Amino acid sequence: MSSLESNRQAAADFFEQIWNQKDESAIDRFIALDAAGNDPKFGVGRESFREQWKKWHAAFPDLHFDVREIIAEGDRVVTRWHLTGTHTGAEYLGKEASGAKIAVDGVSIDTIKDGVVLDGFDAWDSLGFREQLGIIKSL
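Our subject in this report is the structure included herewith. (Residues numbered from 1 in each chain as written. Predicted model: local features only at pLDDT ≥ 70, side-chain atom pairs only at ≥ 80, totals over all residues. Heavy atoms only, no water.)

Moving on: the nonpolar core. Judged by nonpolar contacts, the single largest core of 32 residues is most densely connected at Phe14, Ile18, Trp19, Phe49, Trp56 and Phe60. Within the residue set of this core, elements represented by two or more residues are α1 (3–20), α2 (25–30), β1 (31–37), α3 (46–59), β2 (64–73), β3 (76–86), β4 (101–113) and α4 (126–133). Here this core gets six residues from one element, more than from any other, and that element is α1. (Core = buried A, V, L, I, M, F, W, Y, C linked by side-chain atoms within 4.5 Å. Buried < 20%, exposed > 50% of the residue type's maximum accessible area, 1.4 Å probe, protein only. Helix = DSSP H or I, 4+ residues; strand = E, 2+ residues; numbered from the N terminus.)

Per the stated rule, a full pass over the model turns up ten salt bridges. Across the pair Lys54 and Glu24 runs a salt bridge whose closest N-O atoms are separated by 3.8 Å. Of the two residues, Lys54 sits in helix α3 while Glu24 sits in the loop between α1 and α2, which places them 30 residues apart along the sequence. Its relative accessible area of 36% is what places Lys54 among the partly exposed residues. With a shortest N-O distance of 2.4 Å, Arg50 and Asp28 are connected by a salt bridge. (Salt bridge = Lys/Arg side-chain N within 4 Å of Asp/Glu carboxyl O.)

Attention now moves to the packing of α1 against α3. Viewed as axis vectors pointing N to C, α1 and α3 meet at an angle of 60°, and their least axial separation amounts to 11 Å. On the basis of the axis angle, α1 is oblique to α3. Judged by residue contacts, Phe14, Ile18 and Trp19 of α1 engage Phe49, Trp53, Trp56 and His57 from α3. Each residue belonging to the contact of α1 with α3 can be placed in one class, and the counts come to six nonpolar, one polar and no charged. (Axes fitted to C-alpha atoms, helices over the stretch in contact; angles between N-to-C directions. Parallel < 35°, antiparallel > 145°, perpendicular 65-115°, else oblique. Contact = heavy atoms within 4.5 Å. Nonpolar A, V, L, I, M, F, W, Y, C, P; charged D, E, K, R; others polar.)

Compared with the 20 Å implied by 1.5 Å per residue over 14 residues, the 20 Å span of α3 between its first and last C-alpha is a close match. Along α3, the positions that sit buried rather than exposed are Arg46, Phe49, Arg50, Gln52, Trp53, Trp56, His57 and Ala59. Buried-residue contacts for α3 involve α1, α2, β1, β3, β5 (116–124) and α4. (Expected span 1.5 Å × (residues − 1).)

All right, on to the pairing of β3 then. Both faces of the sheet carry side chains from a regular strand, because those side chains alternate between them. With nine bridges connecting them, β2 and β3 associate as antiparallel partners. Each residue of the ladder has a partner; that of Ala72, found in β3, is Val77. Joining the antiparallel neighbours β2 and β3 is a turn of two residues, in which Gly74 adopts a positive phi near 60°. Summarising the sheet, β3 and β4 pair through eleven bridges and their orientation is antiparallel. Bridge pairing links Leu83 to Val104 in β4. (Pairing = 2+ DSSP bridges.)

Now the structure itself:
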């Protein structure tokens, strides 16, 4: 398998195992100890990611990422995804569980080396997410 194919597979496995299968041990396999991203709420490092991951799954027990497209060039991998879930668990962003269904699109741009995410940049519809949760009113 070429390095591009390996990186595409690592990105697919990252979303499937960590997010969809809720395999917490996969965080240790796919995320570098000092991995950094663009979202300050996720902080820096594997353990910071793990804490945010726990919050997302506690709030949205049926959270699911549908990977729509993966593009790789060198060690950079772009994954386009569609996120769905229902807010039936713990509070999130100060909002108690309401049963609100969420569905948003996003893109992750990650640096992957030897199957491990070193850093990432996520762009997603956070405004639509907050509107669907009822945190802010629709414009």
